[in-house]
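These are the residues of each chain, in order.
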Amino acid sequence: KCVNKAAVIVLGLSLLAMLGAILAFGVWLNQHSDFDVEGNAIFQGEQGTVEIESSSSYSVYVNSAFSCSETTVSIHDEEWEYFFEDCDPIMNEPGWNMVGYFYPGVDGQLTVEANHEIAIIDDMVYLREGGGSILISGGLACLGIIGVIIGLVILVISKPKETQQDLEIPPIENWDTYQK
């Protein structure tokens, strides 16, 4: 019984994509494991001003000596408060706890006030520090999974080509007797 070549090719390419996803994720883990909050901070301290761009987003961390719940942060201009509290332990970095984020939508300077030492990171740093690898990994994983599904469907639905055999029918003797 022959297997459909298209299904084998799709399954093979899908498995390669999934292997690529695993490798790209490994690259990201290696690059992300030594992320330096202090080295990438555009602001560090309790009070002051921070220069921001309207097209970027920013993550805010507090020194890990303090918890998110005991930290108050205000990032504002004369009219608006931009800071949103979001205590997300998944985003914690060595020595720093995630306390929130902000999307300014304006260029310029904002006033920063906090009751503990905070650090503000431009989120584009994550992309430069290996975020591209995680995006590639996610894309390859999706392509791989979709390809495996399509390959299996092709494999199940398609039937191998059967060669047509010519059947030789022997001549019937006494043909006249059958026609009556």
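This is a predicted model, so every value here is computed, not measured. Every chain begins its residue count from 1, and numbering advances along the sequence as written. Given that the model is predicted, a residue must reach a pLDDT of at least 70 before its local features are reported, and side-chain atom pairs must reach 80 or more before they are shown or counted; all residues, however, enter totals for whole chains, interfaces and linings. Each side-chain value is worked out from all heavy atoms of the structure, with water and hydrogens disregarded.

Chemist: How would you explain the overall build of the protein if you had to name every residue and give the values?
Modeler: In terms of helices and strands, the protein carries 4 helices and 6 strands. The helix and strand labels rest on DSSP assignments: H or I over at least four residues marks a helix, E over at least two residues marks a strand, and numbering proceeds from the N terminus. For the protein, the succession of helices and strands along the chain, N to C, is α-α-β-β-β-β-β-β-α-α. Exposed residues in this analysis have more than 50% of their type's maximum accessible area, buried residues have under 20%, and partly exposed residues fall in between, with area computed by a 1.4 Å probe over protein chains only. When burial is assessed residue by residue, the protein has 31% of its 180 residues classed as buried. Within the protein, residue pairs in contact and separated by at least 24 positions form 80% of the contacts whose partners lie at least 6 positions apart. Using the Shrake-Rupley algorithm and a 1.4 Å probe, accessible areas are obtained, with residue cover drawn only from the displayed protein chains. Total accessible area computed for the protein in this model is approximately 12200 Å², and 59% of it derives from carbon and sulfur atoms. Two residues qualify as a contact provided that any one of their heavy atoms is within 4.5 Å of a heavy atom in the partner residue.

Chemist: Describe the environment of Val3, with residues and values.
Modeler: Mapped onto the secondary structure, Val3 falls in the segment before helix 1 (5-32). Judged by relative accessible area, which is 51%, Val3 ranks as exposed. Considered as a pair, Val3 and Val156 are 153 residues apart in the sequence and their alpha carbons are 9.9 Å apart. Not counting residues within four places of it along the chain, the set of residues in contact with Val3 comprises Val8 and Leu155.

Chemist: Got a sec to walk through the environment of Ser133? Specific residues and values, please.
Modeler: With respect to the helices and strands, the residue Ser133 is situated in helix 3 (residues 124-157). Relative accessible area serves as the criterion here: at 15%, Ser133 is assigned to the buried category. In this structure, the C-alpha to C-alpha distance between Ser133 and Leu23, residues 110 residues apart in sequence, is 9.1 Å.

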